[in-house]
Amino acid sequence: MTPPQASDYVHATALVLGEFGLLLRGPSGAGKSALSLQLIADWRARGAFAALVGDDRVALEARHGRLIARPHPSIRGMIEARGLGLLRVASEPACVLRAVMDLLASGESPKRYPDEDDATTRLSGVTLPRMFENAANVGAAARIAAYIQNVVTN
């Protein structure tokens, strides 16, 4: 496999929760890394598998109708924790993405009932379900868990 070029990376965080690959996107400071650490801790506390794939720079590649996420090799297995710096965490070399979480800027809230047009997004030619969330909102991790469960069962 040819290594991804610099232009093939997106500013995002990818993680695996159980068997579910999730891509978190959002502006700098939206809480992608902190929310990822919370989600991983929550999944593990329930005895489920959870690991980081990539933080900050994630390569996306469409393969056979699925979207694969990989970390940037220079920061594989590391995630930034505000106030702590870079932390080493359990990581996976890749995952199949099943959904996209678009994090909103501080002070913004998701719509009460999202528009149908906002329910999916297309990346590298692959359409994925999408949810909007504000990482700072109380219950964000619980709503994301409920969303994942809904995607898995539907």
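Here the structure is a predicted model, which is why all the values come from computation and not from measurement.

When you go through the protein residue by residue, the secondary structure sums to two helices and nine strands. Element order for the protein, N to C, with α for helix and β for strand: β-β-α-β-β-β-β-β-β-β-α. The C-alpha atoms of the protein give 15 Å as radius of gyration, which agrees with the globular expectation for 154 residues (15 Å, within 12%). The dimensions of the protein, computed from C-alpha atoms along their principal axes, are 40 × 35 × 30 Å. By the burial criterion, 41% of the 154 residues in the protein qualify as buried. Across the protein, every contact between residues at least 6 apart in sequence was considered, and the portion connecting residues at least 24 apart equals 62%. When the accessible surface of the protein is summed, it comes to about 8500 Å², and 51% of that surface belongs to carbon and sulfur atoms. Charge separation in the protein, taken as the distance between the mean sites of 17 positive and 15 negative side-chain charges, equals 4 Å.

Before going further, it helps to examine the pairing of strand 2 (residues 20–25). Of all six residues that make up strand 2, six are buried, and the element is covered over most of its length. Neither face of strand 2 is left uncovered, since the one carrying F20, L22 and L24 and the one carrying G21, L23 and R25 both have all their residues buried. Two elements, strand 1 (residues 9–17) and strand 2, share six bridges in a ladder whose sense is antiparallel. Note on strand 2: the bridge partner recorded for T13 is L24.

Remark: helix 1 (residues 32–45) packs on helix 2 (residues 140–153), axes separated minimally by 10 Å, with the N-to-C direction vectors making an angle of 65 degrees. Relative to helix 2, the element helix 1 is oriented roughly perpendicular. For the pair helix 1 and helix 2, the sense of crossing is right-handed. On helix 2, the residues that touch L35, Q38, L39, D42 and W43 of helix 1 are A141, I144, A145 and I148. Here the residues of the contact of helix 1 with helix 2 sort into seven nonpolar, one polar and one charged.

With that out of the way, let us pick up the pattern of salt bridges. Throughout the structure, instances matching the rule amount to eight salt bridges. Of the charged contacts in the structure, one is a salt bridge between R130 and D102, with a shortest N-O distance of 3.2 Å. Placement of R130 in strand 9 (residues 126–133) and of D102 in strand 7 (residues 95–103) is noted, with a sequence separation of 28 residues between them. Each member of the pair, R130 together with D102, is buried. Here K111 makes a salt bridge to D118, at a shortest N to O gap of 3.7 Å. A single network of salt bridges, built from pairs that share partners, joins R25, D102, K111, D115, D118 and R130.

Attention shifts here to the environment of P73. Among the structural elements, P73 can be located in the loop between strand 4 (66–71) and strand 5 (78–81). Spatially, the C-alpha atom of P73 lies 15 Å from that of C95, the residues being 22 residues apart in sequence.

So, about the packing of aromatic side chains. Here a ring pair, both rings aromatic, is described through the centre-centre distance and the interplanar angle of the planes. One pass over the full model with this rule turns up zero aromatic pairs. A cation sits over an aromatic face here: R46 above W43, 4.3 Å from the ring centre.

Per-residue confidence for the protein gives a mean pLDDT of 92; residues scoring 70 or more make up 95%. Averaged pLDDT values over the elements of the protein bottom out at 92 in helix 2 and peak at 98 in strand 2.

Thresholds applied
- Residues numbered from 1 in each chain as written.
- Predicted model: local features only at pLDDT ≥ 70, side-chain atom pairs only at ≥ 80, totals over all residues.
- Heavy atoms only, no water.
- Helix = DSSP H or I, 4+ residues; strand = E, 2+ residues; numbered from the N terminus.
- Rg over C-alpha atoms; globule rule 2.2 N^0.38 Å.
- Buried < 20%, exposed > 50% of the residue type's maximum accessible area, 1.4 Å probe, protein only.
- Contact = heavy atoms within 4.5 Å.
- Areas by Shrake-Rupley, 256 points an atom, 1.4 Å probe, with all protein chains shown as cover.
- Lys, Arg positive; Asp, Glu negative; His and termini not counted.
- Charge placed at Lys NZ, Arg CZ, Asp CG, Glu CD.
- Pairing = 2+ DSSP bridges.
- Axes fitted to C-alpha atoms, helices over the stretch in contact; angles between N-to-C directions.
- Parallel < 35°, antiparallel > 145°, perpendicular 65-115°, else oblique.
- Left-handed = near helix turned anticlockwise from the far one by under 90°.
- Nonpolar A, V, L, I, M, F, W, Y, C, P; charged D, E, K, R; others polar.
- Salt bridge = Lys/Arg side-chain N within 4 Å of Asp/Glu carboxyl O.
- Phe/Tyr/Trp six-rings, centres within 6.5 Å; stacked < 30°, edge-to-face > 60°.
- Lys NZ or Arg CZ within 6 Å of the ring centre and 35° of its normal.
- pLDDT = per-residue confidence, 0-100.

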